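# Architecture at a glance
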Amino acid sequence: MIPRIQSPEQRPQWQTLLAQAVNSTDELLRILQIDPAQLKTRPLDNKFPLRVPRGFIQRMRKGDCRDPLLLQVLPLQEEAQTAAGFVPDPLDELDNMPVPGLLHKYKGRALLTTTGACAIHCRYCFRRHFPYTDANPLADQWQQAVDYVAQHNDITELILSGGDPLTLTDARLHSLTDRLADIPHLRTLRIHTRLPVVLPERVDTGLLSWLASQQLKTVLVIHCNHPNEMDTDVREAMSRLRHTGVTLLNQSVLLRGINDNSATLIRLSEQLFAAGILPYYLHQLDKVEGAAHFEVDNITARQLIAEIAASLPGYLVPRLVQEVPGMPGKNPL
Ligand SMILES: *Cc1c(COP(=O)(O)O)cnc(C)c1O
Ligand code: SF4
């Protein structure tokens, strides 16, 4: 696909597509030709409503209420179940912010929540209860975060996270990274994003030229849980990204009923590699309230990794990790 040329006044196509994302359960099920009576859906609350781009819906199977992509976005009544250990802020993130929006938990790396917005709302997300209005840095608060990074010369890598940082406009991305360019000890820029998967149109000429202009080594960590999430558009977006020289990695979340079998995970690793992406992490679920029905136990998780390792080269085996508050890094299982 040839990237579109944008004139400055023109709203990029991805923003229009984002604005047209489906936000009603009824419409989603209608598109998929699923009878609502087959499912116990949950009335939407305003805090974490349904949101899914139309292109992502096209990759779901029609008429299948167990579709692995659908189950990631559909609010089910099971979310209302309370479960022991599942809490609103499982990672104690609010205790680890030296300045608003900046998490500095691990040596050498700091993570900036650049925005609360995402192109898709994943029901298992640990940020579903995050008070973004407080923790979401406004443009002028980025300066505080940038100052903190500049003052801590042990920070060599800044991770842009969210929300999804690529929901920000190109102008906002430039304004952030322009300020990072003057920090001598910063070597790496890492971007945690699901957009190239759920809205590959985001990978347009504007984004590509922003990436290509970076002086820092750049790592783009996408988030793909199931091989069905990848289609031709996604693979083409990955190819464009690769040509800017970024390192492409993937992280997945292990999800019951979605990707908790080795055949699916093996296929995922193979498809990622075919698109030039290496598997990085397979996360055990963060125990966030409302997500207990996605949990896979640790014994099963380890068994799955053993099965992948028995079938694939080591570089296609993701690291199985769990985030444990207070640990100096992700905890390998
Ligand atoms: C996950 C995470 C990182 C990055 O950890 P890596 O092991 O380097 O991928 C950094 N900071 C925070 C707060 C994180 O949650
Ligand atoms: S895209 Fe990432 S941050 Fe956004 S809802 Fe999904 S998992 Fe959470």
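Look up: the structure comes first, before these words.
Read on for an overview of the structure. Everything numeric in this text was worked out from a predicted model, so none of it was measured. (Residues numbered from 1 in each chain as written. Chains lettered and ligands numbered in written order. Predicted model: local features only at pLDDT ≥ 70, side-chain atom pairs only at ≥ 80, totals over all residues. Heavy atoms only, no water.)

### Some details on the site of ligand 1
So the rule is basically this: A cutoff of 4 Å decides nearness: a residue is near a molecule or strand if any of its heavy atoms lies inside that distance of it. Definition of a polar contact: a pair of N or O atoms within 3.5 Å, with one able to donate and the other able to accept a hydrogen when the atoms are protein atoms, and with sequence-neighbouring residues admitted only if both atoms are side-chain atoms. Here the open area of atoms and residues is found with the Shrake-Rupley method and a 1.4 Å probe, where only the protein chains shown may cover a residue. Put simply, DSSP H or I for four residues or longer makes a helix, DSSP E for two residues or longer makes a strand, and each gets a number counted from the N terminus. As a working rule, the residues Ala, Val, Leu, Ile, Met, Phe, Trp, Tyr, Cys and Pro are called nonpolar, Asp, Glu, Lys and Arg charged, and the rest polar, with Gly in that last group.
Around ligand 1 lies a shell formed by Leu103, Lys105, Tyr106, Arg109, Leu111, Ile159, Arg190, Tyr280, Tyr281, Glu323 and Lys330. At 3.1 Å, a side-chain N or O of Glu323 approaches an oxygen atom of ligand 1. Computed on the free molecule, ligand 1 has an accessible area of 380 Å², of which 93% lies beneath the protein chains in the complex. Of all elements in the fold, only β1 (102-106), β2 (109-113) and β7 (278-283) reach the threshold of two or more residues within the shell around ligand 1. Looking at which element gives the most residues to the shell around ligand 1, the answer is β1, with 3 residues. Here the shell around ligand 1 is composed, by residue class, of 6 nonpolar, no polar and 5 charged.

### Remarks on the environment of Ile183
Let me state the cut-off plainly: Think of it in three bands: residues with accessible area under 20% of the maximum for their type are buried, residues over 50% are exposed, and the middle band is partly exposed, with areas taken using a 1.4 Å probe on protein chains only. Pairs of residues are marked as contacts when any of their non-hydrogen atoms sit within 4.5 Å.
Locating Ile183 in the fold gives a position in the loop between α7 (170-180) and β4 (188-193). Overall, Ile183 belongs to the buried group, its relative accessible area being 6%. A C-alpha to C-alpha distance of 9.3 Å links Ile183 and Asp147, two positions 36 residues apart in sequence. Apart from residues no more than four positions distant in its own chain, Ile183 is found in contact with Val146, Val149 and Ala150.

### Concerning the sheet that holds strand β6 (residues 247-253)
What counts, and what does not: Paired strands, in this sense, are two strands between which DSSP finds at least two bridges. As a rule, the C-alpha atoms of each element are fitted with a line to give its axis, helices using only the stretch in contact, and angles between N-to-C directions run from 0 to 180 degrees.
Strand order in the open sheet made by the 9 strands is β1-β2-β3-β4-β5-β6-β7-β8-β9, with mixed pairing throughout. Of all strands in the sheet, those with a lone pairing partner are β1 and β9 (331-332), marking the two edges. Strand direction decides the pairing type here: strand β8 (residues 319-322) and β9, joined by 2 bridges, are antiparallel. Bridge assignment links Gln322 to a residue of β9, and that residue is Asn331. Lying on the sheet, helix α9 (residues 205-212) is in contact with β3 (157-161), β4 and β5 (217-223); it crosses β4 at an angle near 150°.

### What about the pairing of β5?
As a reminder, the rule being used: Assignment of crossover handedness uses the view with strands pointing away from the viewer, where a clockwise path from the first strand over the helix to the second indicates a right-handed crossover.
Of all 7 residues making up β5, 6 are buried, and the element is well covered by its neighbours. For β4 and β5, the ladder comprises 6 bridges, and the chain directions are parallel. Note on β5: the bridge partner recorded for Thr193 is Ile222. Sheet topology note: the β5/β6 ladder contains 5 bridges and is parallel. Following the sheet pairing, Leu220 is matched in β6 by Leu248. After leaving β5, the chain enters helix α10 (residues 232-242) and then returns to the sheet as β6, a path that is right-handed.

### Regarding a nonpolar patch on the surface
Cut-off, in case you're wondering: Each patch is assembled from residues with relative accessible area greater than 30% and no salt bridge, linking like charges that lie within 9 Å and nonpolar side chains (Val, Leu, Ile, Met, Phe, Trp, Tyr) that lie within 5 Å. Only one rule defines a salt bridge in this text: a Lys or Arg side-chain nitrogen within 4 Å of an Asp or Glu carboxyl oxygen.
Side chains of Phe273, Leu278 and Tyr315 sit close together on the surface and give an oily, nonpolar patch of about 290 Å² of accessible area. Mapped onto the secondary structure, Leu278 falls in strand β7. With a relative accessible area of 33%, Leu278 lands in the partly exposed category.

### Points about the side chain of Thr218
Mapped onto the secondary structure, Thr218 falls in strand β5. Taking the relative accessible area as the measure of exposure, Thr218 reaches 8% and is therefore buried. Engagement of the side chain of Thr218 in a polar contact is seen with the backbone oxygen of Leu216, the distance being 3.1 Å.

### Quick word on helix α11 (residues 262-274)
This is how the line gets drawn: Expected helix span is given by 1.5 Å per residue-to-residue step, counting one fewer step than there are residues.
The end-to-end C-alpha distance of α11 is 18 Å, a good match for the 18 Å that 13 residues give at a rise of 1.5 Å each. Of all the positions in α11, only Ser262, Thr264, Leu265, Ile266, Leu268, Ser269 and Leu272 are classed as buried. Elements in contact with the buried residues of α11: β5, β6, β7 and α12 (298-311).

### Examining the state of the cysteines
Among covalent bonds in proteins, the disulfide is the one between the sulfur atoms of two cysteines. As a reminder of what qualifies: Pairs of cysteine sulfur atoms within 2.5 Å are what we label disulfides.
Scanning the entire structure with this criterion turns up 0 disulfides. For the unlinked cysteine Cys65, the closest cysteine sulfur is that of Cys122, found at 20 Å. Looking at Cys65, the relative accessible area reads 14%, which means it is buried. Look at Cys122 and you get buried, because its relative accessible area is 8%.

### Thoughts on unusual backbone geometry
Most peptide bonds take the trans form, and the phi angle of most residues other than glycine is negative. Residue Gly163 is bonded to the preceding Gly162 through a cis peptide linkage, with omega at 5°. One can find Gly163 in the loop between β3 and α7. Notably, Gln33 is not glycine yet its phi reads approximately 55°, a positive angle. Positionally, Gln33 belongs in the loop between α2 (25-31) and α3 (54-57). Classification of Gln33 by relative accessible area gives exposed; the value is 60%.

### Re the packing of aromatic side chains
For clarity, the threshold we go by: Think of it this way: a Phe, Tyr or Trp ring, Trp meaning its six-membered ring, pairs with another when their centres are within 6.5 Å, and the plane angle makes it stacked under 30 degrees, edge-to-face over 60, tilted otherwise.
The final tally for this structure, using the stated rule, is 3 aromatic pairs. A ring pair is formed by Tyr124 and Phe294, whose centres lie 5.8 Å apart and whose planes are at 90°; its orientation type is edge-to-face. Within this pair, whereas Tyr124 is found in the loop between β2 and α5 (132-135), its partner Phe294 is found in the loop between β7 and α12, the two being separated by 170 residues in sequence. By the burial criterion, Tyr124 is buried, and Phe294 matches it. Taking 5.6 Å as the distance between ring centres and 55° as the angle between the ring planes, the aromatic pair formed by Phe273 and Tyr315 counts as tilted. Placement of Phe273 in helix α11 and of Tyr315 in the loop between α12 and β8 is noted, with a sequence separation of 42 residues between them.

Don't take any of this as a statement about function, it's just geometry.
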